[in-house]
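# Summary of structural features
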Amino acid sequence: MHRIIREYQPADLDDVLASWESATRLAHPFLQEDFLEQERHNIPNLYLPNAETWVIEHEKQVIGFIALLGNEVGAIFVKPEFHGTGAGKALMDKARDLRGDLQVEVFEANTIGRQFYDRYGFQPLSESTHEPTGNRLLRLQFNTAVT
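Here's what I pulled together on the structure shown here.

Criteria and thresholds
- Residues numbered from 1 in each chain as written.
- Predicted model: local features only at pLDDT ≥ 70, side-chain atom pairs only at ≥ 80, totals over all residues.
- Heavy atoms only, no water.
- Axes fitted to C-alpha atoms, helices over the stretch in contact; angles between N-to-C directions.
- Helix = DSSP H or I, 4+ residues; strand = E, 2+ residues; numbered from the N terminus.
- Parallel < 35°, antiparallel > 145°, perpendicular 65-115°, else oblique.
- Left-handed = near helix turned anticlockwise from the far one by under 90°.
- Contact = heavy atoms within 4.5 Å.
- Nonpolar A, V, L, I, M, F, W, Y, C, P; charged D, E, K, R; others polar.
- Expected span 1.5 Å × (residues − 1).
- Buried < 20%, exposed > 50% of the residue type's maximum accessible area, 1.4 Å probe, protein only.
- Salt bridge = Lys/Arg side-chain N within 4 Å of Asp/Glu carboxyl O.
- Core = buried A, V, L, I, M, F, W, Y, C linked by side-chain atoms within 4.5 Å.

### Examining the packing of helix H3 (residues 87–99) against helix H4 (residues 111–120)
Orientation of H3 relative to H4, taken along the N-to-C sense of each, is 55°, at an axis distance of 11 Å. Put simply, H3 runs oblique to H4. Of the two elements, H3 crosses H4, and the hand of that crossing is right-handed. Residues Gly-88, Lys-89, Met-92, Asp-93 and Arg-96 of H3 form the contact with H4, whose own contacting residues are Phe-116, Tyr-117 and Tyr-120. Its residues placed into classes, the contact of H3 with H4 shows four nonpolar, one polar and three charged.

### Points about helix H2 (residues 33–50)
In this model, H2 (18 residues) spans 24 Å end to end at C-alpha, consistent with the 26 Å of a helix rising 1.5 Å per residue. Every buried residue of H2 is listed here: Phe-35, Leu-36, Glu-39, Asn-42, Ile-43 and Leu-48.

### Considerations on the environment of Asp-12
Position of Asp-12 among the secondary structure elements: in the loop between strand S1 (3–7) and helix H1 (13–27). When its relative accessible area of 6% is taken as the criterion, Asp-12 is described as buried. Taking the C-alpha atoms as reference points, Asp-12 and Val-55, separated by 43 residues in sequence, lie 8.3 Å from one another. When near neighbours in sequence (up to four residues on either side) are disregarded, Asp-12 contacts Arg-6, Glu-7, Val-55 and Val-62.

### A closer look at the pattern of salt bridges
Enumeration according to the criterion identifies 13 salt bridges in this entry. Its salt-bridge partner being Glu-57, residue Arg-6 comes within 2.7 Å of it at the nearest N-O pair. Taken as a pair, Arg-6 in strand S1 and Glu-57 in strand S2 (residues 52–58) lie far apart in primary sequence, 51 residues in all. Among the residues examined, Glu-57 registers a relative accessible area of 11% and is labelled buried. With its nearest N and O atoms 2.2 Å apart, the salt bridge here joins Arg-99 to Glu-52. Linking Arg-99 in helix H3 with Glu-52 in strand S2, this pair joins segments that are 47 residues apart in sequence. By relative accessible area, which is 30% here, Arg-99 ends up partly exposed. Overlapping salt bridges, with partners in common, bring together Glu-21, Arg-25, Glu-33, Glu-37 and Arg-40 in one network.

### With respect to the packing of H1 against H2
Look at H1 against H2: their axes get within 11 Å of each other, and the N-to-C directions meet at 145°. Pair H1 / H2 crosses with right-handed handedness. Note on element contacts: H2 touches H1 through Glu-33, Leu-36, Glu-39, Arg-40, Ile-43, Pro-44 and Leu-48, opposite Leu-13, Val-16, Leu-17, Trp-20, Glu-21, Thr-24 and Arg-25.

### Some remarks on the nonpolar core
Residues Ile-66, Val-73, Ile-76, Met-92, Tyr-117 and Phe-122 are the most contacted members of the largest nonpolar core, which totals 23 residues. The set of elements that each furnish at least two residues to this core consists of S2, strand S3 (61–69), strand S4 (72–78), H3, strand S5 (102–107), H4 and strand S7 (136–142). Here this core takes four residues from H3, the largest share from any one element. Residues within four places of Ile-66 in sequence aside, it is in contact with Glu-52, Thr-53, Trp-54, Val-73, Ala-75, Ile-76, Leu-91, Met-92 and Ala-95. Ranked by size, the runner-up nonpolar core spans 19 residues in total, among them Leu-17, Phe-35, Val-62 and Ala-67.

Here it is, written out as structure tokens:
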């Protein structure tokens, strides 16, 4: 498998949205369609312009991305057909190499994401309610000194 991680380019938008959409529908079946529509609008218009985003390519096709806001992982999504192949870990390794200690928020009901973060070594930090959806959020942290 030939994979590279590189900086996001505007031409990647359709592939980034496809990665987000397919992974979101798998991991977040509890989210309402109107919220997903708003997020689909926010990704190119709000999130990507304000984040440092990296994509992972498999055979020259973008299969996932990670968006960083300082040491916060604002988003990490990999197309479901590439789950379990090391693509998500490679993206997180890139974030760790760039930022060291990391934090992320994940919906409590997102068992796929929670298992991924747990395997990576994230630890619970706090809990809150995601105001737009009413779902429980877990804030997790990864400390490079602990691993």
